[in-house]
Amino acid sequence: MSSGPVGNESGARLAERARQVVPGGVNSGQRSVPGLTDLVVTGTDGARFRTADGREYTDFHSAFGPPLLGHNDPDVARATAEAGATLGHMGVGVTEGEVLLAEQLTELIPSIEKVLLTSTGSEATFHALRVSRAATGRRLVVKFQGCYHGWHDAVSLNVISAPEKVGGHDPISTGILPEVLEATLVLPFNDSEAVRRTFAEHGSDIAAVIVEPVPHNVGALLPYQEFLTTLREETTKAGSILIFDEVITGFRHDIGGWQKISGVTPDLTTLGKAIANGAPVGAIGGRADLMDLFSTRPGAPAFFAGTYNGHPSVVAAALATLRKLREEPVHEHVFRLGERVRTELTGLYERLGVPAVVTGYGSVFVSYFMPGEAPAPTRTC
């Protein structure tokens, strides 16, 4: 039995060892990339990473979005180490860091009056749907084709769907009860008329609408302003809860999230990823009356717990990250990089005669290998 890493072992050998004891050799379903199945990462720094075979790569992927400051940011690493050296994780009470982080989130995110910490974004979206049903007493939730909200059953459907499956339920996993899927209505993204029709038919039974303001899990589908406004209007009229899943868009695009960019304020917001530059922390926040329904408030009906919620090390990472985002021109820098990549990719495809659409926002870029034009986010109808 091996008790630790072997310094000179090849990536292929380490990857094969992984496959013997870890299903598929990776600990998240999206980490096994065709052509890179023997990739074993041994070091990260800034925008680059190194492998067991001595190769160095530029990390354009950015771990699905968290390291906005780059890998191993020295200030975040220092804050995390200092927290770990002085404060262990407790099962009672609260720490000063948790209070400071909550205060900053309520200050920065327009919709957040009160906030709770989780360990992942999936947990945050799970709790957002649960408390929405608790608040409204209703059954149905609405999500949109192309949006990803985590691994839990109510939203594990219709992310990247084959063309023939668009328009129906397309679960991304087996093992989900049919009655759970039936309680989720899936609509086309950016289709305001579909939203209006659905609320006209089901509004009195819709507990919540959950949306990625920009569906980055299928690239970068920028929202029409009128679409987001329609969501706000229809949910308000029906007494439903509007949830912005800003696990990706929050902090990566603006320190106030996409809701600050758009001016559309949801009832609940979920956060994660760039909130702590890659440390495992998420959050759910929003209207005080909704947040007070969680059982962290004695006697409240919506159960909320998590052994590692508010862990001192990840809270310290989040505080250090937010400090840099507030005090340094991080967004200006990464927006320039993103625009440079999009411009150069467009020129490259034109020179090669490859039909492709390059789109994105801020630091995010994506190539759709198909003819056409990118959707215009300023469209109003």
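Residues numbered from 1 in each chain as written. Predicted model: local features only at pLDDT ≥ 70, side-chain atom pairs only at ≥ 80, totals over all residues. Heavy atoms only, no water.

- The protein chain has the name Aspartate aminotransferase family protein in an unreviewed UniProt entry, where Streptomyces sanglieri is given as its organism.
- The record in UniProt for the protein chain states the following under Cofactor (unreviewed entry): "pyridoxal 5'-phosphate".
- On record in UniProt, under Sequence similarities (unreviewed entry), the comment for the protein chain is "Belongs to the class-III pyridoxal-phosphate-dependent aminotransferase family." (UniProt positions renumbered as here; feature names shortened; annotations may be inferred.)

1. Some thoughts on the layout of surface pockets
Item 1. Volume-wise, the second largest pocket comes out at about 560 Å³.
Item 2. G93, V94, E98, N309 and G310 are, among the 24 residues lining the second largest pocket, the residues nearest its centre.
Item 3. Residue assignment for the lining of the second largest pocket shows that the elements contributing at least two residues are helix 3 (96–108) and strand 4 (114–118).
Item 4. Considering only residue class, the lining of the second largest pocket consists of 13 nonpolar, 10 polar and one charged. (1 Å grid on protein atoms, 1.4 Å probe; cavity = no way out; pocket = protein on both sides within 12 Å on 5 of 7 lines; lining within 4 Å. Points joined across faces, edges and corners; volume = space filled by probe spheres on them. Helix = DSSP H or I, 4+ residues; strand = E, 2+ residues; numbered from the N terminus. Nonpolar A, V, L, I, M, F, W, Y, C, P; charged D, E, K, R; others polar.)

2. Some remarks on the sheet that holds strand 10 (residues 282–286)
Item 1. Strand order across the open sheet formed by seven strands is 4-10-9-8-7-5-6, with mixed pairing between neighbours. Edge positions in the sheet fall to strand 4 and strand 6 (184–187), since each of these pairs with one other strand and no more. The average angle at which neighbouring strand axes cross in this sheet is 20°, direction not considered.
Item 2. With three bridges connecting them, strand 8 (residues 241–245) and strand 9 (residues 268–271) associate as parallel partners. By the bridge assignment, D245 is partnered in strand 9 with T270.
Item 3. Contacts from helix 7 (residues 225–238) reach strand 5 (140–144), strand 7 (206–211) and strand 8 within the one sheet, and its direction differs from that of strand 8 by about 145°. (Pairing = 2+ DSSP bridges. Axes fitted to C-alpha atoms, helices over the stretch in contact; angles between N-to-C directions. Contact = heavy atoms within 4.5 Å.)

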